[in-house]
Amino acid sequence: MTIVRFRETRKSIIEILSNREMEVLLRLAKGESRKSISEQLGISVLTYDEHRKNIKQKLRLRTQADWASAIVLFRNSGSVTVKKEIDK
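Residues numbered from 1 in each chain as written. Predicted model: local features only at pLDDT ≥ 70, side-chain atom pairs only at ≥ 80, totals over all residues. Heavy atoms only, no water.

The protein is annotated in an unreviewed UniProt entry as HTH luxR-type domain-containing protein from Roseivirga seohaensis subsp. aquiponti.

Colleague: Please clarify how the packing of helix α3 (residues 19–29) against helix α6 (residues 64–75) should be interpreted in this entry.
Modeller: Two elements in contact, α3 and α6, have axes whose closest approach is 8 Å; the angle formed by their N-to-C orientations is 85 degrees. One way to sum up the angle between α3 and α6 is to call them roughly perpendicular. Side by side, α3 and α6 meet where Met 22, Leu 25, Leu 26, Leu 28 and Ala 29 of the first sit next to Trp 67, Ile 71, Phe 74 and Arg 75 of the second. By residue class, the composition of the contact of α3 with α6 is eight nonpolar, no polar and one charged. (Axes fitted to C-alpha atoms, helices over the stretch in contact; angles between N-to-C directions. Helix = DSSP H or I, 4+ residues; strand = E, 2+ residues; numbered from the N terminus. Parallel < 35°, antiparallel > 145°, perpendicular 65-115°, else oblique. Contact = heavy atoms within 4.5 Å. Nonpolar A, V, L, I, M, F, W, Y, C, P; charged D, E, K, R; others polar.)

Colleague: So what exactly am I meant to see when it comes to the side chain of His 51 here?
Modeller: Tracing the chain through its elements places His 51 in helix α5 (residues 45–58). Since its relative accessible area comes to 15%, His 51 is described here as buried. Among residues more than four places away in sequence, those in contact with His 51 are Arg 20, Glu 21, Val 24 and Ile 43. (Buried < 20%, exposed > 50% of the residue type's maximum accessible area, 1.4 Å probe, protein only.)

Colleague: Quick question: what am I supposed to make of the pattern of salt bridges here?
Modeller: When their charged atoms lie close together, side chains carrying opposite charge are able to pair. Enumeration over the complete set of coordinates arrives at five salt bridges. Between Glu 32 and Arg 27 there is a salt bridge, and its shortest N-O distance comes to 3.5 Å. Residue Lys 53 is joined to Glu 50 by a salt bridge in which the shortest nitrogen-to-oxygen separation is 2.9 Å. Placement of the pair is Lys 53 and Glu 50 together in helix α5, with a separation of three residues, close to one helical turn. Relative accessible area serves as the criterion here: at 38%, Glu 50 is assigned to the partly exposed category. (Salt bridge = Lys/Arg side-chain N within 4 Å of Asp/Glu carboxyl O.)

Colleague: What is the right way to look at the nonpolar core in this model?
Modeller: Considering soluble globular proteins, one finds that nonpolar side chains tend to be buried as a cluster. Membership of the largest hydrophobic core comes to 21 residues, with the highest contact counts inside it found for Ile 13, Met 22, Leu 25, Ile 55 and Phe 74. Put simply, the parts of the chain that give this core at least two residues each are α2 (10–16), α3, α4 (34–41), α5 and α6. Counting residues per element, this core draws most heavily on α3, at six residues. (Core = buried A, V, L, I, M, F, W, Y, C linked by side-chain atoms within 4.5 Å.)

See below:
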């Protein structure tokens, strides 16, 4: 996976991930630690690990380079809206 692919599918990534997974990804992109993210989101580190695992599976991130590409994509995103409409 390359950065170019992520740029082409940024909107898709936002649609694929849950709100909480996007919050985790955005905080990772800001360089926050595992412990810090879990504390700020009010979740255990094990729950954080589960969200990270889900992100990896949903985006098919297999290597550290894949992770870096995803994180770089959102590094300077600033105000990405995480909330999504819920179908009723």
